[in-house]
Amino acid sequence: MTSAKQHIYRRYFPSLNRENQQLTYLDSAASTQVPEAVLNAIQNYYQHGHGNVHRASHQFARQATNAFESARKTIAEFIGSKADNIIWTSGTTQGCNMLANGLAYSLTEGDEIWVSELEHHSNLVPWQQLAARTRATLKCIPILNNGDIDIDNFKEHFSEKCKILAISHVSNSIGALLPIPELVRHAQQYGAKVIVDGAQAIAHLDVNVERLGCDYYLFSGHKVYGPTGIGVLYGKTEALEALQPSIFGGEMISQVSCETSTWNRLPYRLEAGTPNIVGAIGLAAALKFLKQFPLKERLNHERSLLNYALKKLREHPKVELIGTPMMRVGLISFVLKGIHPQDAATLFDQYNIALRCGHHCAMPLSKKLAKQGSIRLSLGLYNTQQEIDKLIEAIDNIMELFDE
Ligand code: PMP
């Protein structure tokens, strides 16, 4: 791909086009930069009249409600679903907690909840808590030495005791892409509900929840070029109906007396209180922004950058890759031989390269594959081949410092 073509995407991101902007931003798995279209949508919303949704009949409230519900439709279309199957959350973490709380009633002692060893803590700790509360047993699909989950182990031990499988679509530590349709088919044969944490997948794959077949799918706006504080919980209709509300208050009710209340219809039943209206509008703007580019070209751009970075890092004598999964998207973890990842990250910062180091909120995986943690490079649409070259040059310079 020519470098002119690579810059097609970059020019839409004001934070990466400031004068004297020197930062090589390789931390999109933590949060992506925001395109101008999203900034404009946020500004326009407040500038043209802000009102609370679903509550008043005045003009600003009507405008807000229309924009908010139209955003829900945009999100639904983006993932191949319907608006009523989209619940707004504040992010993936809140979504996981809503599911863990909302499904608690369906578990009893002896039931199993399954996760995997590569989960982000957001999709692990709520399930630990739920298991403790309900006396269910938490089971973990182990990972192999290359970081892929051990599918054979999963199939051998999974049974009708399992009521919930909560699993990542893409690992935030090593970029492993999990075989979700295969996991879903297997788990659903035993009657389990399947929850997919799509936080690291949504920006890098053509996510279609119907094709995946999962019962619930979660993601966060700030990892797909949208604002922070907004996220999505998708659920099949019967799966959302099976979910008990765990946050109570305005909006989610139908009738209230001093003694008791009845619930609103979906999706509102699961959205108590004033939602993040502008966040929803900003996220819809981000997804519309992505949609303007042919999907194949966008994904090819990322794939070719990823392959280029993988090749360069693999060839480097001082780099050790952490995890070599069969299928990968979005990111690569590595260590520099003989240098603690924290020291390396501090040095990268001096070269104006933004990377993340540590255990990446996935301690079980880190314990197995990289005890001291690792350095993570994660890509966004705006990255270029030159930035990967800059990273490799910085690695050379850092290694020279340590070799002296
Ligand atoms: N799951 C995965 C795979 C993630 O990468 C993250 C964010 N790093 C989360 C869940 C939590 O997302 P949030 O902080 O937006 O709630």
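Bear in mind that the values here come from a model prediction, so they are computed numbers and not experimental data.

Reading the values: rules and limits
Counting of residues starts from 1 at the beginning of each chain's written sequence and follows it residue by residue. Since the coordinates come from a predicted model, pLDDT governs what is reported: local features require at least 70, and pairs of side-chain atoms require 80 or more to be given and counted, while whole-chain, interface and lining totals use all residues. Think of the side-chain values as coming from all heavy atoms in the structure, minus any hydrogens and water. Note: two strands are recorded as paired if DSSP finds a minimum of 2 bridges between them. Secondary structure elements are defined from DSSP: runs of H or I of at least 4 residues count as helices, runs of E of at least 2 residues count as strands, and each element is numbered from the N terminus. Here, axes are lines fitted to C-alpha atoms. For helices the fit covers the stretch in contact, and angles between N-to-C directions go from 0 to 180 degrees. When checking whether two residues touch, look at their non-hydrogen atoms; a contact exists if any pair is within 4.5 Å. Domain delimitation in this document rests on an assignment produced automatically or drawn from a domain database. Buried surface area refers to the total accessible area, computed with a probe of radius 1.4 Å, that the two partners give up upon joining, counted for both partners together. When a carboxyl oxygen of Asp or Glu lies within 4 Å of a side-chain nitrogen of Lys or Arg, that pair is called a salt bridge. Pairing of aromatic side chains here covers Phe, Tyr and the six-membered ring of Trp, requires ring centres within 6.5 Å, and sorts the geometry by plane angle: under 30 degrees stacked, over 60 edge-to-face, intermediate tilted. Think of it in three bands: with a 1.4 Å probe and only protein chains considered, a residue is buried below 20% of the maximum accessible area for its type, exposed above 50%, and partly exposed in between. Any residue with a heavy atom lying within 4 Å of a molecule or strand is counted as near it. Polar contacts, as used here, are pairs of N or O atoms within 3.5 Å; protein pairs need one atom able to donate a hydrogen and one able to accept it. Residues neighboring in sequence count only if both atoms are side-chain atoms. To measure how exposed things are, a 1.4 Å probe is used in the Shrake-Rupley method; for residues, cover is taken only from the protein chains shown. For this scheme, ten residues count as nonpolar: Ala, Val, Leu, Ile, Met, Phe, Trp, Tyr, Cys and Pro. Four count as charged, namely Asp, Glu, Lys and Arg, and the remainder, Gly too, count as polar. Definition of nonpolar core: a set of buried residues of the types Ala, Val, Leu, Ile, Met, Phe, Trp, Tyr and Cys, connected through side-chain atoms within 4.5 Å. Of the grid points, spaced at 1 Å and generated over the protein atoms alone, those admitting a 1.4 Å probe that cannot get out make up cavities, while open sets with protein on both sides within 12 Å along at least five of seven lines make up pockets; any residue with an atom within 4 Å of a point is treated as lining. Grid points are joined across faces, edges and corners, and a volume is the space filled by probe spheres set on the points.

K.L.:
Which parts of the structure should I look at to understand the sheet that holds strand 4 (residues 137-141)?
P.N.:
Pairing is mixed across the open sheet formed by seven strands, whose spatial order is 2-8-7-6-5-3-4. The open sheet is flanked by strand 2 (86-89) and strand 4, the only strands paired with a single partner. On average, each strand axis in the sheet is tilted by 20° relative to the strand beside it, whichever way the strands run. One ladder, built from five bridges, connects strand 5 (residues 162-168) with strand 6 (residues 193-197); its direction is parallel. Paired with L165 across the two strands is V194, which belongs to strand 6. Its contacts with the sheet put helix 5 (residues 125-134) on strand 3 (112-116), strand 4, strand 5 and strand 6, and the angle it makes with strand 3 is roughly 160°.

K.L.:
Quick question: what am I supposed to make of the domain arrangement of the chain here?
P.N.:
Interfaces are often described in size by the accessible area the parts lose on coming together. On domain assignment, one finds that the chain holds domain 1 (3-34 + 294-403) and domain 2 (39-291). Listed per partner, the contact involves 38 residues of domain 1 and 35 residues of domain 2. Taken together, both faces of the contact between domain 1 and domain 2 bury some 3100 Å²; the carbon and sulfur share is 58%. In this structure, the connection of domain 1 to domain 2 is made through one salt bridge. When the shortest N-O distance is used, the salt bridge between K368 and E117 registers 3.1 Å. For the side of domain 1 that touches domain 2, the secondary structure elements donating two or more residues are helix 11 (295-315), strand 12 (331-336) and helix 13 (363-369). In terms of residues, the side of domain 1 that touches domain 2 owes the most to one element, helix 13, which gives five residues.

K.L.:
Teacher, can you tell me more about the pattern of salt bridges here?
P.N.:
Where charged atoms from two side chains of opposite charge approach closely, those side chains can pair. Under the defined criterion, the tally for this structure stands at ten salt bridges. Two residues, E69 and R72, come together in a salt bridge whose shortest N-O distance is 2.8 Å. Residue E69 and its partner R72 are located together in helix 3 (residues 59-78), separated by three residues, close to a single helical turn. Members of the salt-bridge network, linked through shared partners, are E69, R72 and E271.

K.L.:
Got a minute to help me understand the packing of aromatic side chains in this structure?
P.N.:
The description of two aromatic rings rests on the distance between their centres and on the angle between their planes. Applying the stated criterion across every chain, the model contains 16 aromatic pairs. When the centroid spacing of 5.0 Å and the interplanar angle of 80° are considered together, the rings of Y9 and F293 count as edge-to-face. With Y9 in helix 1 (residues 3-10) and F293 in the loop between helix 10 (277-291) and helix 11, the pair connects residues that are 284 residues apart, well separated along the chain. Since its relative accessible area comes to 4%, Y9 is described here as buried. A residue is classified by how much of its surface remains accessible, and F293, at 10% relative accessible area, is buried. On the basis of an interplanar angle of 90° and a centroid distance of 5.6 Å, the ring pair of F13 and F289 is categorised as edge-to-face. Remark: F289 occurs in helix 10 and F13 occurs in the loop between helix 1 and strand 1 (24-25); sequence separation between them is 276 residues. When sorted by exposure, F13 lands in the same class as F289, which is buried. Among the aromatic residues, ring-to-ring pairing joins Y9, Y12, F13, Y25, Y225, F289, F293 and Y382 into one connected group.

K.L.:
Sorry if this is basic, but what is going on with the sheet that holds strand 12 here?
P.N.:
Picture the strands of a sheet paired through backbone hydrogen bonds; they go either parallel or antiparallel. Here four strands make up an open sheet; going across it, the order is 11-12-15-14 and the pairing antiparallel. One side of each edge strand has no neighbouring strand; the edge strands of this open sheet are strand 11 (319-322) and strand 14 (356-358). Averaged over all adjacent pairs, the angle separating strand axes in this sheet is 35°, with direction ignored. The pairing of strand 14 with strand 15 (residues 374-378) spans three bridges and is classified as antiparallel. Its bridge partner lying in strand 15, C357 is registered against I375. Sitting on the sheet, helix 11 is in contact with strand 11, strand 12 and strand 15, with an inclination near 15° to strand 12. The strands touched by helix 14 (residues 385-403) are strand 11, strand 12 and strand 15; relative to strand 12, the strand with the most contacts, the crossing angle is about 15°.

K.L.:
What exactly am I supposed to notice about the site of the ligand here?
P.N.:
Neighbouring residues of the ligand: G91, T92, T93, H120, S122, N172, D197, A199, Q200, S220, H222 and K223. S220 has a polar side-chain atom sitting 2.7 Å from an oxygen atom of the ligand. When the free accessible area of the ligand is taken as 400 Å², the share hidden by the protein chains comes to 86%. The residue inventory of the shell around the ligand, partitioned by class, reads one nonpolar, nine polar and two charged.

K.L.:
In this structure, what is going on with the nonpolar core? I would like to understand it.
P.N.:
L165 and Y217 are the most contacted members of the largest nonpolar core, which totals 77 residues. Top contributing element to this core by residue count: helix 10, with eleven residues. The residues that make up this core include at least three from each of domain 1 (3-34 + 294-403) and domain 2 (39-291). Look past the residues within four positions of L165 in its chain and what remains in contact with it is W114, I141, F154, F158, L183, A187, K193, V194 and I195. Of all hydrophobic cores here, the second largest spans 28 residues; its members include L26, L310, I339 and L379.

K.L.:
How should the layout of surface pockets be read in this particular structure?
P.N.:
A probe as big as a water molecule, rolled over the atoms, marks out the empty space that is left. Of the voids in this model, the largest pocket is the one considered here, and its volume is about 260 Å³. Forming the boundary of the largest pocket are 19 residues, of which W88, Q94, L270, E271 and A272 lie nearest the centre. Among the secondary structure elements, those contributing two or more residues to the lining of the largest pocket are strand 2 and helix 4 (92-102). Residues that form the lining of the largest pocket fall into these classes: eight nonpolar, nine polar and two charged.

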